[in-house]
Amino acid sequence: MRIFAAIMTQEEKTQIEERIVDVLKTVYDPEIPVNIYDLGMIYKIDVQEDSSVELEMTFTAPNCPAADYILEDVRTKVESLDGVKGANVNLVFEPAWDQSMMSEEARVELGFD
């Protein structure tokens, strides 16, 4: 008996990516009143064929005291989504984060505009 692996369509990947963005908007650095997605801390969301997710993210400062908490919150929330088999969150510092990576809403919220 053969079991065929279902190939995920681009539409299915896009829907999962949209749900991931929605859940990332519920993750906050405890010191900043704006979510990590709008802060521009998420560099890459890659939904794999096997329904696992590869994420690349950074912090506003390399020595962020809440780093472990935030990384675990991201991984836990992404893995809780329907259609996601697992999540690998990679912490990167290239390119270095700066204020230009924030959404317009985040800049207004933090008084940068």
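Criteria and cut-off values
- Residues numbered from 1 in each chain as written.
- Predicted model: local features only at pLDDT ≥ 70, side-chain atom pairs only at ≥ 80, totals over all residues.
- Heavy atoms only, no water.
- Helix = DSSP H or I, 4+ residues; strand = E, 2+ residues; numbered from the N terminus.
- Contact = heavy atoms within 4.5 Å.
- Axes fitted to C-alpha atoms, helices over the stretch in contact; angles between N-to-C directions.
- Parallel < 35°, antiparallel > 145°, perpendicular 65-115°, else oblique.
- Left-handed = near helix turned anticlockwise from the far one by under 90°.
- Nonpolar A, V, L, I, M, F, W, Y, C, P; charged D, E, K, R; others polar.
- Buried < 20%, exposed > 50% of the residue type's maximum accessible area, 1.4 Å probe, protein only.
- Expected span 1.5 Å × (residues − 1).
- Arc of directions from axis to C-beta.
- Core = buried A, V, L, I, M, F, W, Y, C linked by side-chain atoms within 4.5 Å.
- Pairing = 2+ DSSP bridges.

Trainee: What is the right way to read the environment of I36 from this model?
Mentor: Among the structural elements, I36 can be located in the loop between α1 (10-24) and β1 (42-47). C-alpha separation for the pair I36 and R107, spaced 71 residues apart in sequence, amounts to 13 Å. Setting aside its immediate chain neighbours within four residues, I36 contacts L24, V27, Y28, D29, M41, I42, M57, I70 and V74.

Trainee: It is not clear to me how the packing of α1 against helix α2 (residues 67-79) should be interpreted in this structure. Could you clarify?
Mentor: Helix-helix packing: each pair is described by the crossing angle between the helix axes and the interaxial distance. Contact geometry for α1 and α2: axes closest at 10 Å, N-to-C directions at 140°. In terms of orientation, α1 and α2 fall into the oblique class. By crossing handedness, the relation of α1 to α2 is classed as right-handed. In this structure, α1 contributes I20, V23 and L24 to the contact, and α2 contributes V74, K77 and V78. Classifying every residue of the contact of α1 with α2 gives 5 nonpolar, no polar and 1 charged.

Trainee: Just checking my understanding: could you explain the side chain of K13 for this structure?
Mentor: As for its placement among the helices and strands, K13 is situated in helix α1. For K13, a relative accessible area of 15% translates into the label buried. Apart from residues lying up to four places away in sequence, K13 is in contact with M8, V47, Q48 and E49.

Trainee: Whenever I open this one, α2 confuses me. Can you help?
Mentor: One turn of the α-helix equals 3.6 residues, which is why residues spaced by three or four share an orientation. With 13 residues, α2 extends 18 Å between its outermost C-alpha atoms, agreeing within 8% with the 18 Å of an ideal straight helix rising 1.5 Å per residue. Of all the residues in α2, the buried ones are A67, I70, L71, D73, V74 and V78. Down the axis of α2, the sector holding all buried residues measures 160°, keeping them to one side. Looking at the buried side of α2, the elements it contacts are α1, β2 (52-57) and β3 (86-91).

Trainee: Hey, could you run me through the nonpolar core in this one?
Mentor: Most often, soluble globular proteins have nonpolar side chains that are buried together. Among the nonpolar cores identified, the biggest contains 33 residues, and I20, I36, M57, I70, V74 and V78 are the most heavily contacted of them. Other than its neighbours up to four places away in sequence, I70 contacts V27, Y28, D29, P30, I36, M57, F59 and C64.

Trainee: What exactly am I supposed to notice about the sheet that holds β1 here?
Mentor: Within a sheet, each strand pairs with its neighbour through backbone hydrogen bonds, oriented either parallel or antiparallel. Spatial strand order, β1-β2-β3: 3 strands in an open sheet with mixed pairing. At either end of the open sheet lies a strand with only one pairing partner, and these are β1 and β3. With direction set aside, neighbouring strand axes in the sheet form an average angle of 15°. Alignment of β1 against β2, held across 5 bridges, turns out to be antiparallel.

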